[in-house]
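Structural description and commentary
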Amino acid sequence: MRDFIRTLRAFLVRDALMALSYRLEFALQLATVFFYVSALYFLSQIIGDNATLASYGGYLPFAAIGLAVANYFQAGFDSFSKAIHREQLHGTLEALLLAPLRLTTVVVACSGWRFLWTTLVSAVYVLAAVVLYDIELKGNPVLAFGLLVLTTLAFASLGVLSASFVMVWKRGDPIGMLLGGVSTLLGGVFFPVSALPDWLQRVAYCLPITHGLDGIRAVVLQGASLRDVQTPLLALAAFAAVGVPLSLVCFHRAVRRAQREGTLLHF
Amino acid sequence: MNDDVVVRLEAVGKRFLPPPAPWRALFGRPQPPPIDALRHVDLEVRRGEILGLVGDNGAGKTVLVKLVATLTEPSHGRVQVFGLDSVHASRAIRARIGLATCDERSFYWRLTARQNLTFFAQIYGTSGKATRQRVDALLHEVDLAEQADRPYRTLSAGNRQRLALARALLPDPELLLLDEPTRSLDPGAAKRLRALIADRVRLHPHCAVVFTTHDLAEVDDLCERVAVLTQGRCVWAGGVSDLRRRFGGDDVVTLRVRRLPALTQADLRSGGSALALRQLGNDDIEVQLPVTDDHGAALHALLTKIVRAGGEVVACQTARRPLHDVCSALIVGADGSPPEPRAQGGSHA
């Protein structure tokens, strides 16, 4: 564990130094958050009082939490494949794989900065909504955090599967293209899933993002207890329990295949 | 495995298959053939030696290095490093080897040389003060201390190569793999890098080095043993001096002769001896005589003939036949095709 933490720290410092070397981009990314929150505020003014959204405190809290969790979804989903692709582009993947590290450690550590950055951005989303537009947060923060961790693990397993495709086929990852797009559309980021036709609602509940958003919104905006969020909690735990080991096995196989074919550095 | 043997390749082959292209079959176009990068290679590397790995482009040098570094897997045969199988014990092997390639893209261009090296030191298992000390020591060892805080992208090709060497030395490797480390360096920088490598082996006799290059003068300068690869096959693995001895690598006596009558020149040319004559830019000609066990008598007879004919010897020197000539003779057979393997395995032939 100490080795893992030391390695993760090394990757975080490396990525922080590289991010800070692009100062303008760093500042603009943070500024963008305020633009999004402001846009959501004005949208909520147009939408006004909606019976479906009333239990969440209106459209702004609903969408702000949706965006914050969707950020995690996106990070879990594409951070691994993007990290691998970036190392391939830099030409540093072989140098990393030459270090006596577990493959899992390399994959997780490569994505550490992205998750840290996403946490910061998501926190800014929620903070901006609270401070600027006075939305009210309720519920147990530990429960909300637990749900977020499970949601991230479920997303991450899809992300590692996506990275396996990148490792072998370099581009044209079907998981990222299909599941990523479908999840954002049907998962309930910008509108409640109940607004969808029945058959699409059934599809939506096959996606981890829908359960993640349901659970976190229920805790943070409605003050739900552990008993109230049992269904999304169990669904996310099942996604993570099946997805994480399966995706790691796939990734190991993908790397072995790239090693056999001599295409580790190709992109 | 003998403790002295660091690397052993047994009948190793590496075949790269083309990516599947069903549309080619659909349109009746032939599938591209597989590429055999290595074919049945046997080789050993021992502690305390610098093995030069030479061959033309595409001969399989880099593939061989990557196999030993566990970055790719053999299609046939077995690669053992420190007695461990390269496929099943790759992590244990990687902890004990260092690899430096000529690829400038293997570092983070936005970070400084020190930041790059610190990052790699940490993922190699050092932390805190030990990392700083190790990084400082290596930057000093490769003579990069003054450039350490410059971004990698601003370093010269020579300094980038030094940094690659420093990174390869991070784990204090028992096996150092250097893939064309001097490719983009000027002669001075290349010479300094070779001196660094030679020093490393002198000071760490438990360490072995595999050094790939196109420049055979480097092999002459640095290596005791050489493996010659051509079209994926190892056609020689043994001592550099043995290679010279077996494949016409004799030293030659070169004379520069002025005003040698044409008749005498014709006489020397038709003499059927091992003499080689070459017309130089002015009236001078160059005469080469291989150094053999009885070359003294032949040289005496030659000088007598030249002087009696009125020729004037203006220069005389003995030189080693360039290793390049020796290897060229080995790589390309008389009919232009590669010769059959002549010396294989790790024997110190």
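Residues numbered from 1 in each chain as written. Chains lettered and ligands numbered in written order. Predicted model: local features only at pLDDT ≥ 70, side-chain atom pairs only at ≥ 80, totals over all residues. Heavy atoms only, no water.

Side note on the nonpolar core
Counting residues in hydrophobic clusters, the biggest one holds 168 residues, and the most contacted among them are Ile123 and Leu175 of chain B. Ranked by residues supplied to this core, first place goes to helix α4 (residues 59–90) of chain A with 17 residues. (Core = buried A, V, L, I, M, F, W, Y, C linked by side-chain atoms within 4.5 Å. Buried < 20%, exposed > 50% of the residue type's maximum accessible area, 1.4 Å probe, protein only. Helix = DSSP H or I, 4+ residues; strand = E, 2+ residues; numbered from the N terminus.)

Quick look at the environment of Ala258 of chain A
Residue and element names in this part refer to chain A. One can find Ala258 in helix α11 (residues 230–261). Under the relative-accessibility criterion, Ala258 is labelled buried at 1%. For the pair Ala258 and Trp169, spaced 89 residues apart in sequence, the C-alpha to C-alpha distance is 9.3 Å.

So, the packing of helix α1 (residues 2–20) of chain A against helix α6 (residues 103–133) of chain A
For any two helices packed against each other, the geometry comes down to the angle between their axes and how far apart the axes lie. Residue and element names in this part refer to chain A. Where α1 meets α6, the axes come as close as 8 Å, and the angle between the chain directions of the two elements is 45°. On the basis of their axis angle, the class for α1 and α6 is oblique. In the crossing of α1 with α6, the sense of the turn from one axis to the other is right-handed. Between α1 and α6, the residues in contact are Phe4, Thr7, Leu8, Phe11, Leu12, Asp15, Ala16 and Ala19 and Thr105, Val108, Ala109, Cys110, Gly112, Trp113 and Leu116, respectively. Split into classes, the residues belonging to the contact of α1 with α6 amount to 11 nonpolar, 3 polar and 1 charged. (Axes fitted to C-alpha atoms, helices over the stretch in contact; angles between N-to-C directions. Parallel < 35°, antiparallel > 145°, perpendicular 65-115°, else oblique. Left-handed = near helix turned anticlockwise from the far one by under 90°. Contact = heavy atoms within 4.5 Å. Nonpolar A, V, L, I, M, F, W, Y, C, P; charged D, E, K, R; others polar.)

Considering the pairing of strand β12 (residues 276–279) of chain B
Residues and elements named next belong to chain B. Bridging between β12 and strand β13 (residues 285–290) involves 4 bridges; their strand directions are antiparallel. Each residue of the ladder has a partner; that of Ala276, found in β13, is Gln288. The loop that links β12 with its antiparallel partner β13 comprises 5 residues. (Pairing = 2+ DSSP bridges.)

Re the sheet that holds strand β9 (residues 225–230) of chain B
Sheet strands line up and pair through hydrogen bonds in the backbone, either parallel or antiparallel. Residues and elements named next belong to chain B. Spatial strand order, β6-β7-β8-β3-β9-β10: 6 strands in an open sheet with mixed pairing. With one partner strand each, in any of the chains shown, β6 (97–101) and β10 (233–239) form the two edges of the open sheet. With strand direction ignored, the average angle separating the axes of adjacent strands in the sheet is 15°. Relative to strand β3 (residues 50–55), helix α2 (residues 61–68) is tilted by about 140°, and along the sheet it contacts β3, β6, β7 (175–179), β8 (208–213) and β9. Against the sheet, helix α6 (residues 157–169) contacts β6 and β7, and its axis sits at roughly 165° relative to β6.

Quick notes on helix α2 (residues 23–47) of chain A
All names here are of chain A. When the terminal C-alpha atoms of α2 are compared, their 37 Å separation across 25 residues agrees well with the 36 Å that a helix rising 1.5 Å per residue should span. Looking at α2, one finds that the buried residues are Val33, Val37, Leu40 and Ser44. Buried residues belonging to α2 abut α4 and α6. One or two positions beyond α2, positive phi appears at Gly48, with a value near 70°. (Expected span 1.5 Å × (residues − 1).)

Section: empty space enclosed by the protein
Residue and element names in this part refer to chain B. As enumerated under the stated definition, the model contains 2 cavities of 30 Å³ or more in all. As a volume, the largest cavity reaches approximately 40 Å³. Around the largest cavity sit Thr101, Cys102, Asp103, Glu104, Ser106, Phe107, Tyr152, Ala157, Arg160, Gln161 and Ala164, which together line it. Counted by class, the lining of the largest cavity contains 5 nonpolar, 3 polar and 3 charged residues. Forming the boundary of the second largest cavity are Glu141, Val142, Leu165, Leu169, Leu176, Leu196, Ile197 and Arg200. Elements with a minimum of two residues in the lining of the second largest cavity: α6 and α7 (187–203). Ranked by the residues each element gives to the lining of the second largest cavity, the list is headed by α7, at 3 residues. Split by residue class, the lining of the second largest cavity holds 6 nonpolar, no polar and 2 charged. (1 Å grid on protein atoms, 1.4 Å probe; cavity = no way out; pocket = protein on both sides within 12 Å on 5 of 7 lines; lining within 4 Å. Points joined across faces, edges and corners; volume = space filled by probe spheres on them.)

Here's the deal with the sheet that holds β13 of chain B
All names here are of chain B. The 4 strands are arranged β12-β13-β11-β14 in an open sheet whose pairing can be described as antiparallel. Because the sheet does not close on itself, it has two edges, and the strands there are β12 and β14 (312–319). Pairwise comparison of adjacent strand axes, ignoring direction, gives a mean angle of 20° for this sheet. Direction of pairing for strand β11 (residues 252–258) relative to β14: antiparallel, over a ladder of 7 bridges. Among the inter-strand pairings, Val257 is bridged to a residue of β14, identified as Val313. The strands touched by helix α11 (residues 295–308) are β11, β13 and β14; relative to β11, the strand with the most contacts, the crossing angle is about 5°.

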